Amino acid sequence: MPIQYDQKEQVFMLQTPKTSYVLGVYEGKYLLHLYYGKRIERYAAMQHRLPTHGINGFSATDVEESKYSTNVLPMEFPCYGSADYRSPAFHAEYEDGSAVTKLFYQGYHIESGKKPLCGLPATYAENELEAETLEITLKDAVTGLVVVLSYTVFNSFDAIAKSVRVQNGGDQTINIKSLLSSTSYLFDKDYEFVHLAGAWARERHIQKQPLQNSTILIDSKRVSSSHMHSPFMALARPYTTETQGDVYGCSLIYSGNFIARAETSELDTVRLSIGINPFGFGWCLNPGEEFQAPEAVLVYAANGFGEMSRTYHKLYRTRLCRGKFRDAERPVLINNWEATYFDFNEEKILDIAKSAKKLGMELLVLDDGWFGKRDSDNCSLGDWVTDRRKLPDGIDGLAKKVTALGMQFGLWFEPECISEDSDLYRAHPDWAIQIPGRQPNRSRYQLILDMGREDVRDYLYERMTAILDSANIEYVKWDMNRHISDVYSAVLPKERQGEASHRYMLGLYDLLERLVSRYPDLLLEGCSGGGGRFDLGMLYYSPQIWCSDDTDAVERLSVQYGTSFCYPISAVGSHVSAVPNHQTGRITPVETRGTVAMAGSFGYELDLNLLSDGEKEEVKEQIKTFKKYYNLTHEGEYYRLTNPMENRLYAAWEFVSQDQSEALVHGMQILAQPSGPSIHIPVRGLKADAMYEVNGELVRSGRALMHGGLNFPRQTGDFKAVEFYLKEVK
Ligand code: DGJ
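Enquirer: What am I meant to see in the overall build of the protein here?
Expert: In terms of regular secondary structure, the protein is built from 14 helices and 38 strands. Rg of the C-alpha trace for the protein: 26 Å, near the compact-globule value of 27 Å for 730 residues, within the 12% margin. Relative to its full complement of 730 residues, the protein shows a buried share of 63%. A separation of at least 24 residues holds for 68% of the contacts in the protein among residues at least 6 apart in sequence. Just so you have it, the protein exposes about 26500 Å², and 49% of that area is on carbon and sulfur atoms. Of the side-chain charges in the protein, 77 are positive and 97 negative, and the distance between the mean point of each set is 2 Å.

The structure is reproduced here in structure tokens:
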């Protein structure tokens, strides 16, 4: 039983194969976070987690007889007003204008399996035996507010999925101002805060900073998880490496405004919180209503960042991603965007498809510009009607011709946006998010549709299904090219405007759910100006997401390195593009671009006719290689062997099959060095006592390879690809 309750001690033990998460009910009413870390079999002495300092004049208690202030207790679900001065998980305002909530333990319930989260993406269990869920109920006696904390423990993942449901059991409207999904604790502050930060075309670069007696937070107020921050943080002991050190990962399955925060108290304990960003948030909960907060997933790893990442990868790849393409092999695609931008016609697209087919590509993706009168990015979003000037036989005709070549056909949409120069805007200006009497903020000449509105979603559903039903479309790229900066909803009253950004997300998820249910075989790829919404919320609907608009092989090393801390390799949309690279101007060999792009959902995005005959042959071979190693790269265990943020000379990464009988080490000599020292890259994840053949030759033991390493070849010239294939010999 992964979840046990010790009635005498009033302690809940949540056991994953290698970790334990322990909660206790103190003084019969406070729910405390007692322990999270390496698996322990018993937890009896709750006193160990109580602070050595009790109460003084500056730490209030909420009831007189308490020995401790809630301000020093590890409150599992801290509320504003409960005498805890730290940042709360819950803050609400009541009809009398007061904002105090005191939640006391009521009871618990344990059941097999895992229920879906109403209206929100979440991890799932495929059957009742895979997981167990604990629900703990807390209640505020004065207002009747009930909070249900939910914890799912998976039998085969070292992860805890947490979420919170709030029910208004009283008779007044409750104005929720803040409701976070997870609070947990570290019991000293000797940790580094690790997170993923970036910008457009430079997403998810790893960053680390030590904790001090302060609050470190990352967030998004863009109604999108954003290029700038990712809804993920990890707290690691200083000097933690890929293979050693304690790491606590915390991620949120949500695509909108979020906050991830580490707050160090005066007693050096650290409160970790993640959830919807309280900034600008509000939710009016009427009597009898319920609000569901997004799911957070916690992973503790005793053996460094690599172990944490591999746990996240496997869980998200197999129990967050859904649909046919969770498991089915994804096609190698060719996307026309960087080949043509808006300047294409049917002939050009067919020409690309023909060349692509000859080289072994399987799916032609027609990107932006096929609808309305979209010759540039300043018009037509919302007018999802084929532009017959470019495609005289329509999408249907083009799809038939592409299919006749033996290729699959895929199409780009940007459903959430609307151009002011569009028939849709002329008919429904009120559907765009804008505040009456104010000029809306503009970005890429486009406004955003209010996805919280049912009529907007119905229109998009009707338009998209009309197109998807009219042709053989097997893939959709769902793009979103700006963030919301002036949130407002014309259909919400004044007191509910704080709901607009979360309602937007619920609306987006609702539309995505309707589409994936109607087209279970459709491969959906998420995108937001590259990786502006590369998050777990979107991964629930689209098993791959375009990782960055920067396709330069060297820049991608850092982007893909950071992304892999939380997100599975199979999620990373990654293409070979033209050189000089359109974003950096850098020239790298096609072999190297292919090697880097293979650490993801692979494709091409360039004018194939500009490749030399030699390069075309290389591309053919590259596709064969990718297919040969598909299972390794998409389902294998991923190991980061070097850190490209620190090592600018060479990079290496590795995929190991689940049975450890095969491994693929890929890498790049970034900069050539005369008389450079020899480089030995220790590989990981092999069977120590097994013998492996390296590139069909040399046979060495797993132990020798893991300790002695592979000899990284020194080559003349920058940006040279490296590949080692290791196979167990029996
Ligand atoms: C941004 C995406 O990241 C690109 O790949 C491309 O689809 C453009 N949008 C099209 O506008």
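From this point, the discussion proceeds with the structure in view.
Enquirer: Even after reading the chapter, I still don't get the environment of Ser 265, so can you show me in this structure?
Expert: The residue Ser 265 is located in the loop between strand S16 (258–264) and strand S17 (270–276) in this model. Under the relative-accessibility criterion, Ser 265 is labelled buried at 7%. Separated by 460 residues in the primary sequence, Ser 265 and Tyr 725 have C-alpha atoms spaced 49 Å apart. When near neighbours in sequence (up to four residues on either side) are disregarded, Ser 265 contacts Arg 86 and Asn 213.

Enquirer: How do you make sense of the site of the ligand when you look at a structure like this?
Expert: Around the ligand sit 13 residues, and of these Asp 367, Asp 368, Lys 477, Asp 479 and Asp 549 come closest. The contact in question runs from an oxygen atom of the ligand to an N or O atom on the side chain of Asp 368, over 2.7 Å. Expressed as a share of its isolated accessible area of 290 Å², the protein-covered part of the ligand is 97%. When its residues are assigned to classes, the shell around the ligand shows four nonpolar, three polar and six charged.

Enquirer: Please explain the side chain of Thr 133 as it appears in this structure.
Expert: Relative to the helices and strands, Thr 133 is located in strand S7 (residues 131–139). According to the relative accessible area criterion, Thr 133 is buried, its value standing at 7%. Looking at Thr 133, its side chain comes within polar contact range of the side chain of Thr 152, at 2.9 Å. When residues no more than four places from it in sequence are discounted, the contact partners of Thr 133 are Ile 3, His 109, Ile 110, Glu 111, Gly 113, Lys 114, Ser 150, Tyr 151 and Thr 152.

Enquirer: Sorry, what's going on with the environment of Thr 19 here?
Expert: Within the secondary structure, Thr 19 is located in strand S3 (residues 19–26). If near-sequence neighbours (up to four positions away) are discounted, Thr 19 is found in contact with Leu 14, Tyr 36, Gly 37, Lys 38, Arg 39, Asp 158 and Tyr 300. At a separation of 2.5 Å, a polar atom in the side chain of Thr 19 contacts the side chain of Thr 16.

Enquirer: Help me understand the packing of aromatic side chains in this model?
Expert: What describes a pair of aromatic rings is the distance from one ring centre to the other and the angle between the planes of the rings. Summed over the entire model, instances satisfying the criterion amount to 41 aromatic pairs. Between Tyr 26 and Tyr 68, the aromatic rings sit 6.0 Å apart at their centres with planes inclined by 55°, giving tilted as the arrangement. With Tyr 26 in strand S3 and Tyr 68 in the loop between strand S4 (30–38) and strand S5 (90–93), this residue pair connects regions lying 42 residues apart in the sequence. Tyr 68 matches Tyr 26 in its accessibility class, with the two residues each being buried.

Enquirer: It is not clear to me how the pairing of strand S32 (residues 650–656) should be interpreted in this structure. Could you clarify?
Expert: The side chains of a regular strand alternate, residue by residue, between the two faces of the sheet. Here S32 lies mainly inside the structure; seven of its seven residues are buried. Neither face of S32 is left uncovered, since the one carrying Tyr 650, Ala 652, Glu 654 and Val 656 and the one carrying Ala 651, Trp 653 and Phe 655 both have all their residues buried. Of the strand pairs in this sheet, strand S31 (residues 637–640) and S32 are connected by four bridges, and their pairing is antiparallel. Of the residues in S32, the one forming a bridge with Glu 637 is Val 656. With seven bridges joining them, S32 and strand S33 (residues 662–669) adopt antiparallel strand pairing. Among the inter-strand pairings, Ala 652 is bridged to a residue of S33, identified as Gly 667. Between S32 and S33, which follow one another and run antiparallel, lie five residues, and Gln 660 among them has a positive phi close to 65°.

Enquirer: How do you make sense of the sheet that holds strand S27 (residues 523–526) when you look at a structure like this?
Expert: The pairing of strands in a sheet comes from backbone hydrogen bonds and takes either a parallel or an antiparallel form. Strands sit in the order S21-S22-S23-S26-S27-S28-S29-S30 around a closed barrel of eight strands; the barrel is parallel. Direction aside, neighbouring strands of the sheet carry axes that sit 30° apart on average. Relative to strand S23 (residues 408–413), strand S22 (residues 363–366) runs parallel, the two sharing four bridges. Paired with Leu 366 across the strands is Leu 411, a residue of S23. Along the sheet face, helix H4 (residues 346–359) touches strand S21 (333–335) and S22 and points at about 155° away from the line of S22. Contacts between helix H5 (residues 394–404) and the sheet are confined to S22 and S23, with S23 contributing the most and set at about 145° to the helix.

Enquirer: I tried to follow unusual backbone geometry on my own but got confused; where do I start?
Expert: Only a minority of non-glycine residues have a phi that is not negative, and only a minority of peptide bonds are not trans. The omega torsion across Val 579 and Pro 580 is -10°, close enough to zero to call that bond cis. Within the secondary structure, Pro 580 sits in the loop between strand S29 (572–577) and helix H11 (590–597). Of note, Gln 660 is a non-glycine position whose phi angle comes to about 65°, a positive value. Relative to the helices and strands, Gln 660 is located in the loop between S32 and S33.

Enquirer: It is not clear to me how the packing of helix H7 (residues 454–470) against helix H8 (residues 500–518) should be interpreted in this structure. Could you clarify?
Expert: Closest axis-to-axis distance for the H7/H8 pair is 11 Å, and the angle between their directions is 25°. When the axes of H7 and H8 are compared, the pair comes out roughly parallel. Taken as a pair, H7 and H8 cross one another with a handedness that is right-handed. Every residue of H8 that contacts H7 at Arg 457, Asp 458, Leu 460, Tyr 461, Met 464, Thr 465 and Asp 469 is listed here: Gly 507, Asp 510, Leu 511, Arg 514, Leu 515 and Arg 518. Class assignment for the residues of the contact of H7 with H8 results in five nonpolar, two polar and six charged.

Enquirer: I tried to follow a nonpolar patch on the surface on my own but got confused; where do I start?
Expert: On the surface, a nonpolar cluster with roughly 200 Å² of combined accessible area is contributed by Met 691, Val 699 and Val 729. One can find Met 691 in strand S35 (residues 691–694).

Enquirer: Just checking my understanding: could you explain the pairing of S22 for this structure?
Expert: The alternating pattern of S22 places Leu 363 and Val 365 on one face and Leu 364 and Leu 366 on the opposite face, and all of these are buried. Direction of pairing for S21 relative to S22: parallel, over a ladder of three bridges. Directly across from Asn 335, in S22, lies its bridge partner Val 365. You can see the chain leave S22, run along H5 and come back into S23, and the turn it takes is right-handed.

Enquirer: Honestly, H4 in this entry has me stumped. Any pointers?
Expert: Along an α-helix, a turn takes 3.6 residues, which lines up residues three or four apart on a common side. In a regular helix each residue adds 1.5 Å, so 14 residues correspond to 20 Å; H4 covers 20 Å between its end C-alpha atoms and thus fits that length. Elements in contact with the buried residues of H4: S21, helix H3 (337–340), S22, H5 and helix H12 (613–628). Between the side-chain oxygen of the N-cap and the backbone nitrogen of Glu 347 there are 3.1 Å, and the N-cap of H4 in question is Asn 345. A positive phi of about 105° marks Gly 360, the residue just after H4.

Enquirer: Any chance you could explain the sheet that holds strand S1 (residues 3–6) here in plain terms?
Expert: Taken in spatial order, the four strands of this open sheet run S1-S2-S3-S4, and their pairing is antiparallel. The outermost strands of the open sheet, each flanked by one partner alone, are S1 and S4. Adjacent strand axes in the sheet meet at a mean angle of 15° when their direction is disregarded. Sheet topology places S1 next to strand S2 (residues 11–15); four bridges connect them, and they run antiparallel. Within S2, the residue paired with Tyr 5 across the bridge is Phe 12.

Reading the values: rules and limits
Residues numbered from 1 in each chain as written. Predicted model: local features only at pLDDT ≥ 70, side-chain atom pairs only at ≥ 80, totals over all residues. Heavy atoms only, no water. Helix = DSSP H or I, 4+ residues; strand = E, 2+ residues; numbered from the N terminus. Rg over C-alpha atoms; globule rule 2.2 N^0.38 Å. Buried < 20%, exposed > 50% of the residue type's maximum accessible area, 1.4 Å probe, protein only. Contact = heavy atoms within 4.5 Å. Areas by Shrake-Rupley, 256 points an atom, 1.4 Å probe, with all protein chains shown as cover. Lys, Arg positive; Asp, Glu negative; His and termini not counted. Charge placed at Lys NZ, Arg CZ, Asp CG, Glu CD. Near = heavy atom within 4 Å. Polar contact = N/O pair within 3.5 Å; in protein donor to acceptor, adjacent residues only side chain to side chain. Nonpolar A, V, L, I, M, F, W, Y, C, P; charged D, E, K, R; others polar. Phe/Tyr/Trp six-rings, centres within 6.5 Å; stacked < 30°, edge-to-face > 60°. Pairing = 2+ DSSP bridges. Axes fitted to C-alpha atoms, helices over the stretch in contact; angles between N-to-C directions. Parallel < 35°, antiparallel > 145°, perpendicular 65-115°, else oblique. Left-handed = near helix turned anticlockwise from the far one by under 90°. Patch = residues over 30% accessible without salt bridge, like charges linked within 9 Å, V, L, I, M, F, W, Y side chains within 5 Å. Salt bridge = Lys/Arg side-chain N within 4 Å of Asp/Glu carboxyl O. Right-handed = clockwise from strand over helix to strand, strands pointing away. Expected span 1.5 Å × (residues − 1).

Geometry only, nothing functional implied.
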